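Spelled out from the first residue to the last, the chains are:
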Amino acid sequence: QALQDAQNALLARFAPETRVRRLPWSGGETQILELGDGNPILLVHGGGDGAYEWVPFMPLLARRHRVLAVDRPGHGLADPFDYDGVDLARHANTFLGDVLDWLELRSVALVSNSIGGWWSAVFALEQPSRVSRLVIAGHPPGVTRDVPLPLRILGSPIVGKPIGRLMLGRPSREGNRKFWGQVLVAYPANLPDELLDVDVAHTRRNRDSTLSLVRRTVGPGGVRKELLLGERWSALEVPLLF
């Protein structure tokens, strides 16, 4: 309920006309935020966050588009999800394909960031007919193995889980602001308090799902080698903007 209330406050400030719906997929149920009309774009968020991270941008995008922001499994108000041992490429293809099927969209423009960028790139490689164009904001894993130190610690096979549970056990607005500044944004002081309040509630609700994704994505050397797309980036058939 805390996450729902915080999300409602964020929507009330930035995008009060947003439609909120539940969406079933073959591995559970998730949430989708929808605003505007026109050609659809699907927003795919990064790891450790949810569809809520797009909310401040949605009204601007909705001037010309039907904006759809989805919670990936184990994030936001989606069902919990354990990523340990999951084939991430197959999972990304299944999830995004199920979302488009439920929305009755033959194809869509994908806008994504962080691990969501990797999700979207894999989907575009495997099912190019379903992606009209691909926009990736920031540096997704799969380009290099580099990751920020906090994520490298959380991905450690020995100490990552207990340290992660400790680090994420008492989230706060200012603590999360600092973390975003370390791994996500250049100017954390500009983050709206309402956004950080959602992030705090999300951290409390989805800690175990988030940590399982970090462990599945990051190893001692950084991003796991099997996630590196390498020359496959040049095989993308859809228009791509970094």
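Everything below is about the structure shown above.
Residues numbered from 1 in each chain as written. Predicted model: local features only at pLDDT ≥ 70, side-chain atom pairs only at ≥ 80, totals over all residues. Heavy atoms only, no water.

(A) Region of interest: a nonpolar patch on the surface. On the surface, a cluster of nonpolar side chains totalling about 530 Å² of accessible area is made up of Leu149, Ile153, Ile158, Val159, Ile163 and Met167. Listing elements by their share of the nonpolar patch, those giving two or more residues are α5 (149–154) and α6 (160–167). Relative to the helices and strands, Val159 is located in the loop between α5 and α6. (Patch = residues over 30% accessible without salt bridge, like charges linked within 9 Å, V, L, I, M, F, W, Y side chains within 5 Å. Areas by Shrake-Rupley, 256 points an atom, 1.4 Å probe, with all protein chains shown as cover. Salt bridge = Lys/Arg side-chain N within 4 Å of Asp/Glu carboxyl O. Helix = DSSP H or I, 4+ residues; strand = E, 2+ residues; numbered from the N terminus.)

(B) View of the packing of helix α1 (residues 2–14) against helix α8 (residues 193–217). At their nearest, the axes of α1 and α8 sit 8 Å apart, and the two run at 160° to each other. Taken together, the axes of α1 and α8 are roughly antiparallel relative to one another. Where α1 crosses over α8, the handedness of that crossing is left-handed. Across the interface between the two elements, Ala2, Leu3, Ala6, Gln7, Leu10 and Arg13 from α1 touch Glu194, Leu195, Asp197, Val198, Ala201, His202, Arg205 and Asn206 from α8. (Axes fitted to C-alpha atoms, helices over the stretch in contact; angles between N-to-C directions. Parallel < 35°, antiparallel > 145°, perpendicular 65-115°, else oblique. Left-handed = near helix turned anticlockwise from the far one by under 90°. Contact = heavy atoms within 4.5 Å.)

(C) Broad picture of the pattern of salt bridges. Scanning all chains against the criterion turns up 14 salt bridges. Put simply, Glu34 and Arg66 hold a salt bridge, and the shortest N to O gap is 2.7 Å. Of this pair, Glu34 sits in strand β2 (residues 28–35) while Arg66 is found in strand β4 (residues 65–70), placing the two residues 32 residues apart along the sequence. The two residues Glu34 and Arg66 agree in class, both being buried. Its salt-bridge partner being Asp193, residue Arg173 comes within 3.3 Å of it at the nearest N-O pair. Of this pair, Arg173 sits in helix α7 (residues 173–183) while Asp193 sits in helix α8; the two residues are 20 residues apart in sequence, bridging distant segments of the chain. The class for Arg173 is partly exposed, based on a relative accessible area of 33%. Classification of Asp193 as partly exposed rests on a relative accessible area of 33%. By sharing partners, the salt bridges in this structure join Arg173, Glu174, Arg177, Asp193 and Asp197 into a single network. (Buried < 20%, exposed > 50% of the residue type's maximum accessible area, 1.4 Å probe, protein only.)

(D) Spotlight on the packing of aromatic side chains. In total, this model carries 6 aromatic pairs according to the counting rule given. Aromatic side chains Trp25 and Phe81 sit 6.1 Å apart centroid to centroid with 45° between the ring planes, which places their arrangement in the tilted category. Remark: Phe81 occurs in the loop between β4 and α3 (88–103) and Trp25 occurs in strand β1 (residues 19–25); sequence separation between them is 56 residues. With relative accessibility at 11%, the residue Trp25 sits in the buried group. Relative to Trp119, the ring of Trp118 has its centre 6.0 Å away and its plane inclined at 70°; by these criteria the two rings are edge-to-face. Its relative accessible area of 0% is what places Trp119 among the buried residues. Three or more aromatic residues link up through ring pairs in this structure, and these residues are Trp25, Phe81, Tyr83, Phe95, Trp118 and Trp119. Here the basic side chain of Arg72 rests over the ring of Trp119, its NZ or CZ set 4.5 Å away from the ring centre. (Phe/Tyr/Trp six-rings, centres within 6.5 Å; stacked < 30°, edge-to-face > 60°. Lys NZ or Arg CZ within 6 Å of the ring centre and 35° of its normal.)

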